[in-house]
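As a plain string of letters, each chain reads:
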Amino acid sequence: MLIELPFMLPERTSKPRENGITMVMDKGLSVREAEDMIHTAGHLVDFVKLGFGTSLFTNNLKEKIKFYHDNHLNVYVGGTLFEAFVIRNKFDDYRKFIKSLNLTTVEVSDGSMEMHHDQKCEYIRTLASENTVISEVGSKDADINIAPDAWAAMMQKELQSGSFKVIAEARESGTVGIYDPKGNADVALIHKILEKVPVEQIIWEAPLKSQQVWFIKHFGTNINLGNIAPNEVIALETLRTGLRGDTFHQFLP
Amino acid sequence: MLIELPFMLPERTSKPRENGITMVMDKGLSVREAEDMIHTAGHLVDFVKLGFGTSLFTNNLKEKIKFYHDNHLNVYVGGTLFEAFVIRNKFDDYRKFIKSLNLTTVEVSDGSMEMHHDQKCEYIRTLASENTVISEVGSKDADINIAPDAWAAMMQKELQSGSFKVIAEARESGTVGIYDPKGNADVALIHKILEKVPVEQIIWEAPLKSQQVWFIKHFGTNINLGNIAPNEVIALETLRTGLRGDTFHQFLP
Amino acid sequence: MLIELPFMLPERTSKPRENGITMVMDKGLSVREAEDMIHTAGHLVDFVKLGFGTSLFTNNLKEKIKFYHDNHLNVYVGGTLFEAFVIRNKFDDYRKFIKSLNLTTVEVSDGSMEMHHDQKCEYIRTLASENTVISEVGSKDADINIAPDAWAAMMQKELQSGSFKVIAEARESGTVGIYDPKGNADVALIHKILEKVPVEQIIWEAPLKSQQVWFIKHFGTNINLGNIAPNEVIALETLRTGLRGDTFHQFLP
């Protein structure tokens, strides 16, 4: 809170934190646009994901990464890029690629390709020896359904293999994985996951406002949320604190 | 018009004005982004609303407000913030809060809470003694329907209490208040309101292009429109002047 | 590709090019926002369209045009502005207007007005003597259906009259012309067009990601696409190269 208020808002965790995390998707911001976001709302952001393969086409990428690092943000490239290397049997090159960008956080996913889960955990173990690993569960293909039990079990195994957090897939569109094609939360799946995995170990992709509202209403102010658009970071914070219509009554004394 | 044309466009009012108003919703722009909007399109903007509670989480807020003021824009914080103070019995603190930000325009609303209408008018009277008051009618809750007659009567009373303009609620999504859940205008409601309230005293929230088109087609170039996204200000001006397909035939000689 | 990769991506053409074109719609960017886009992704952009009549309301327009030109981008104002002059019998003034802005690319369209096709081709011939002409086929009115044969024949005639490329209409919304109201491609129309017109002579308006994916899946990496939002240029490039989930399997060795 930048302004002293004469009443209490729900208590937000402060950075660095285990829950209350906001992860932003940057899909090609200029350095100046990154500055705009961080100078204005950087105190609210924990992770920046350079979405899918966009980092490869962004001029001044190293300068942008340095800017994020200088401002104490964790930056990583989208898991699709990890998969693009792995499917071509270039995992070692991927590690070099990550190092060449001075990144220390890395995402492991299998949203676009089939990967034996033991193999995925092996990648996590290897990368976790030098990096902070975020791993993602869920397919980007709306036709692939993973049973709730299997979903929860994979998350558990990935955390045991060294993942710092596991991400529940939704894409930028918010219409697959933990949501139906209309973007509504798959309540049964989410509850099954939470029977097995502590909530603070999960980042829920929630690009749509309705999804952010749903998670905040059900799991409170400090639920970890991801795939937030850069210009929605501050608006999300008002949802987390009851200062927007949708959650106004949620946090009254 | 920045460029001399060899034909007439529909005549736009110029600032400061009573009708033809464009109100923009800023939900957390950086100072530089505010400069981008205003240096490019500031001649088209009358009011800037710092949406709902976003002002509380925006770094460099006072600098941004000063920039808007220096450029002769009216700035105010969203009515949800007014309500967040009032529901906690902190109205006097709200007045201090507004002053501490050097704001002289203020919004009074009851979109997220129940408020006796006499009480709302009392707030308007009190604030109007020192500020330009904009008051909003309509609930943010899609399940709450206000009868057209009641809607018109409240607007009348609020104007009599000192509101400079009354706003017809639609939210950022454009799916409540004067619109149905699909964003279509509630024609009967709008006409009933206009039987009682002069059109230039109303600002219609119209975030969606289809809504802007509807109002311009029915009520002309200089209808007052609000909740315009910063990057849609210039596009809206082309709708107002028949320089976009949707209103191209509206303003031919 | 800014970064050396240890594997091959589908080969992209490089600028200046006949196919693989990306055309961006700028509907009122500030000079600084234009710089942000071009400094970050300018190597990926061929054409910038100043959408419909927005150029008339944009401060610092000449400075922005100069910036684009200095960075070797083709800039032109939207066809609706051409039509706004023509419908008022001001074609000669339009030519002066284009020159006064130092533009050398021009769009000829009839999406918002009726125009005899011979007359349209005459405009193309006249303008092509001094400018690069892009001409557009298709109505902005969803109720006007042009038969596939007629569509293809018009494109052929416009190219013969001097158009550098022909554009297939879709609007900013992506819901008319070559798409149905839900944004799905009109497959029969598109195939009929391609029986008669070489694919590299067409720029397909494809503002929605699903449309970009459809064209890339059917016609490959270097299909010409237009009406791309400024902040989607880099994301589009990942689709063209199989580095986003949607086309991940399209370009594997």
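You'll find the structure just up there.
Residue positions are counted from 1 within each chain, in the order its sequence is given. In the order they appear in the text, chains get letters beginning with A and ligands get numbers beginning with 1. Residues qualify for local features only when their pLDDT is at least 70, as the model is predicted, and side-chain atom pairs are given and counted only at 80 or more; totals for whole chains, interfaces and linings, by contrast, use all residues. Note that the side-chain values use all heavy atoms of the structure and ignore hydrogens as well as water.

## Observations regarding the overall build of chain A
Line of reasoning, step 1. Runs of H or I in DSSP of at least four residues are treated as helices and runs of E of at least two as strands, each being numbered from the N terminus. Counting its regular elements, chain A contains nine helices and eight strands.
Line of reasoning, step 2. With C-alpha atoms as the basis for the radius of gyration, the globule rule is written as 2.2 Å multiplied by the number of residues raised to the power 0.38. Here the C-alpha atoms of chain A give a radius of gyration of 18 Å, agreeing with the 18 Å that 2.2 N^0.38 yields for 253 residues.
Line of reasoning, step 3. When the backbone C-alpha atoms are referred to their principal axes, chain A occupies close to 55 × 40 × 30 Å.
Line of reasoning, step 4. Residue-level accessible areas treat just the shown protein chains as cover; the underlying method is Shrake-Rupley with a 1.4 Å probe. When the accessible area of chain A is evaluated, it comes to approximately 9600 Å², of which 48% is carbon and sulfur surface.

## Overview of the interface of chain B and chain A
Line of reasoning, step 1. By definition in these notes, contact holds between two residues if any of their heavy atoms fall within 4.5 Å. With 32 residues of chain B at the contact, the number on the chain A side is 32 residues.
Line of reasoning, step 2. Buried area is a sum: the accessible area each of two parts loses on coming together, probed at 1.4 Å, counted once for each and added. Buried area between chain B and chain A, summed over both chains or domains, comes out near 2700 Å², and the portion from carbon and sulfur atoms is 63%.
Line of reasoning, step 3. Salt bridge, as applied in this entry: a Lys or Arg side-chain nitrogen positioned within 4 Å of an Asp or Glu carboxyl oxygen. Counting across the chain B and chain A interface gives five salt bridges.
Line of reasoning, step 4. A salt bridge links K27 of chain B to E232 of chain A, with the nearest nitrogen and oxygen atoms 2.5 Å apart.
Line of reasoning, step 5. Contributing elements (two or more residues each) for the side of chain B that touches chain A: α1 (31-41), α3 (79-86) and α4 (91-100) of chain B.
Line of reasoning, step 6. The element that contributes the greatest number of residues to the side of chain B that touches chain A is α3 of chain B, accounting for five residues.
Line of reasoning, step 7. In this classification, Asp, Glu, Lys and Arg are treated as charged, Ala, Val, Leu, Ile, Met, Phe, Trp, Tyr, Cys and Pro as nonpolar, and every other residue, Gly included, as polar. A per-class count over the side of chain B that touches chain A returns twelve nonpolar, ten polar and ten charged.

## With respect to the relation of the copies chain B and chain A
Line of reasoning, step 1. You can overlay chain B on chain A at an RMSD of 0.0 Å; the transform is a turn of 120° with a shift of 0.0 Å along its axis. Here the transformation between the copies is reduced to the relation of a three-fold axis. The rotation axis passes nearest to the C-alpha of E33 of chain B in chain B, at a distance of 5.1 Å.
Line of reasoning, step 2. Interface residue correspondence from chain B to chain A reaches only 3%, placing this contact among heterologous pairings that use different surfaces. Copies are brought into register by a least-squares superposition over C-alpha atoms of residues with pLDDT of at least 70 in both.

## Focus on the packing of α1 of chain B against helix α2 (residues 61-70) of chain B
Residues and elements named next belong to chain B.
Line of reasoning, step 1. To define axes, lines are fitted to C-alpha atoms, for helices over the stretch in contact only, and angles between the resulting N-to-C directions are given on a 0 to 180 degree scale. Where α1 contacts α2, the two axes come as close as 9 Å, and the packing angle between them is 15°. For the element pair α1 / α2, the angle class is roughly parallel. Viewed along their axes, α1 and α2 form a crossing whose handedness is right-handed. Contact residues: α1 offers V31, A34, E35, M37, I38 and H39, while α2 offers E63, K64, F67 and Y68.
Line of reasoning, step 2. Here the residues of the contact of α1 with α2 sort into six nonpolar, one polar and three charged. To sort the angles, those under 35 degrees are grouped as roughly parallel, those over 145 as roughly antiparallel, those from 65 to 115 as roughly perpendicular, and the leftovers as oblique. Note: crossing handedness is left-handed where the near helix turns anticlockwise from the far helix by less than a right angle, and right-handed where it turns clockwise.

## Notes on the layout of surface pockets
Line of reasoning, step 1. Approximately 680 Å³ is the volume attributed to the second largest pocket.
Line of reasoning, step 2. Lining the second largest pocket are 30 residues, and of these G111, S112, S139, K140 and D141 of chain A lie nearest its centre.
Line of reasoning, step 3. When residues of the lining of the second largest pocket are assigned to their parent elements, the largest contribution, three residues, is made by helix α8 (residues 209-219) of chain C. As defined here, a cavity is a set of points on a 1 Å grid over the protein atoms alone where a 1.4 Å probe fits but cannot get out. A pocket is an open set with protein on both sides within 12 Å along at least five of seven lines, and residues line them when an atom is within 4 Å of a point. Grid points are joined across faces, edges and corners, and a volume is the space filled by probe spheres set on the points.

## Some words on the interface of chain B and chain C
Line of reasoning, step 1. Facing the 32 residues of chain B at the interface are 32 residues of chain C.
Line of reasoning, step 2. For the pair chain B and chain C, the two sides together bury roughly 2700 Å², of which 63% comes from carbon and sulfur.
Line of reasoning, step 3. There are five salt bridges connecting chain B and chain C.
Line of reasoning, step 4. Its salt-bridge partner being R32 of chain C, residue E35 of chain B comes within 3.0 Å of it at the nearest N-O pair.
Line of reasoning, step 5. Counting of polar contacts relies on pairs of N or O atoms within 3.5 Å, with two restrictions inside protein: one atom must be capable of donating a hydrogen and the other of accepting it, and residues adjacent in sequence are counted only when both atoms are side-chain atoms. On the surface where chain B and chain C come into contact, there are 13 residue pairs in polar contact (both at pLDDT 80 or more).
Line of reasoning, step 6. Among the secondary structure elements, those contributing two or more residues to the side of chain B that touches chain C are α1 and α9 (233-240) of chain B.
Line of reasoning, step 7. For the side of chain B that touches chain C, the leading source of residues is α1 of chain B, giving six residues.
Line of reasoning, step 8. Of the residues assigned to the side of chain B that touches chain C, the class counts are 16 nonpolar, eight polar and eight charged.

## Re the pattern of salt bridges
Line of reasoning, step 1. Following the criterion strictly, the structure yields 69 salt bridges over all chains and no others.
Line of reasoning, step 2. The residue K165 of chain A makes a salt bridge to E18 of chain A at a minimum N-O spacing of 2.8 Å. In this pair, K165 of chain A sits in strand β6 (residues 165-168) while E18 of chain A sits in the segment before β1 (22-26), placing the two residues 147 residues apart along the sequence.
Line of reasoning, step 3. Partly exposed describes any residue whose relative accessible area lies between the buried limit of under 20% and the exposed limit of over 50%, with all areas from a 1.4 Å probe on protein chains only and scaled to the type maximum. Judged by its relative accessible area of 0%, K165 of chain A falls in the buried class.
Line of reasoning, step 4. On the basis of relative accessibility, which here comes to 44%, the residue E18 of chain A falls in the partly exposed class.
Line of reasoning, step 5. Between D26 of chain C and K64 of chain C there is a salt bridge, with its nearest N and O atoms 2.9 Å apart.

## Digging into the side chain of R240 of chain A
All names here are of chain A.
Line of reasoning, step 1. Relative to the elements of secondary structure, R240 occurs in helix α9 (residues 233-240).
Line of reasoning, step 2. Under the counting rule used here, the positive set is Lys and Arg, the negative set is Asp and Glu, and His together with the chain ends is not counted. As a buried residue without a salt bridge, R240 has its nearest oppositely charged side chain in E237, at a separation of 4.1 Å.
Line of reasoning, step 3. Here the side chain of R240 touches T221 through a polar contact of 2.7 Å, landing on its backbone oxygen.
Line of reasoning, step 4. Leaving out residues up to four positions away in the same chain, R240 has contacts with P10, R12, G20, I21, T22, I216, T221, N222, I223, L225 and F251.

## Comments concerning the packing of aromatic side chains
Line of reasoning, step 1. Two aromatic rings from Phe, Tyr or Trp, using only the six-membered ring of Trp, form a pair when their centres are within 6.5 Å; if the ring planes differ by under 30 degrees the pair is stacked, by over 60 it is edge-to-face, and anything between is tilted. Applying the stated criterion across every chain yields a total of 47 aromatic pairs over all chains.
Line of reasoning, step 2. Note on F67 of chain B and Y68 of chain B: the rings are 6.1 Å apart at their centroids and 50° apart in plane angle, and the pair reads as tilted. Each member of the pair, F67 of chain B together with Y68 of chain B, is buried.
Line of reasoning, step 3. If you follow K165 of chain A out to its NZ or CZ, it ends over the ring of F164 of chain A, 4.8 Å from the centre. Criterion for a charge above a ring: Arg CZ or Lys NZ at most 6 Å from the ring centre, at most 35 degrees from the ring normal.

## What about unusual backbone geometry?
Line of reasoning, step 1. Of note, the amide linkage connecting K15 of chain A to P16 of chain A takes the cis form, showing an omega dihedral of -10°.
Line of reasoning, step 2. Relative to the helices and strands, P16 of chain A resides in the segment before β1.
Line of reasoning, step 3. A positive phi angle, near 60°, is found at N102 of chain A, a position not held by glycine.
Line of reasoning, step 4. Mapped onto the elements, N102 of chain A comes out in the loop between α4 (91-100) and β4 (105-108).
Line of reasoning, step 5. Taking relative accessible area as the criterion, N102 of chain A reaches 52% and is therefore assigned exposed.
Line of reasoning, step 6. Unlike most non-glycine residues, F52 of chain C shows phi in positive territory, near 35°.
Line of reasoning, step 7. Topologically, F52 of chain C is positioned in the loop between β2 (47-50) and α2 (61-70).

## Brief notes about the pairing of strand β7 (residues 202-205) of chain B
Residues and elements named next belong to chain B.
Line of reasoning, step 1. Side-chain alternation along β7 places I202 and W204 on one buried face and I203 and E205 on a second face that is also buried.
Line of reasoning, step 2. A strand pair is defined by DSSP finding two or more bridges across the two strands. Here strand β6 (residues 163-168) runs beside β7; their pairing, made up of three bridges, is parallel. Paired with V166 across the bridge in β7 is I202.
Line of reasoning, step 3. Handedness of the β-α-β unit built from β6, helix α7 (residues 187-196) and β7 comes out right-handed.
Line of reasoning, step 4. Summarising the sheet, β7 and strand β8 (residues 225-228) pair through two bridges and their orientation is parallel. Residue pairing for β8: W204 is matched across the bridge by L225. Call a crossover right-handed when, viewed with both strands pointing away from you, the route from the first strand across the helix to the second goes clockwise.

## As for the packing of α8 of chain C against helix α9 (residues 233-240) of chain C
Residue and element names in this part refer to chain C.
Line of reasoning, step 1. Contact pair α8 / α9: the axes reach a minimum separation of 10 Å and the direction vectors enclose 30°. The orientation of α8 relative to α9 falls into the category roughly parallel. Crossing of α8 against α9: the hand is right-handed. Of the residues in α9, those in contact with K209, Q212, V213 and I216 of α8 are L236, L239 and R240.
Line of reasoning, step 2. Split by residue class, the contact of α8 with α9 holds four nonpolar, one polar and two charged.

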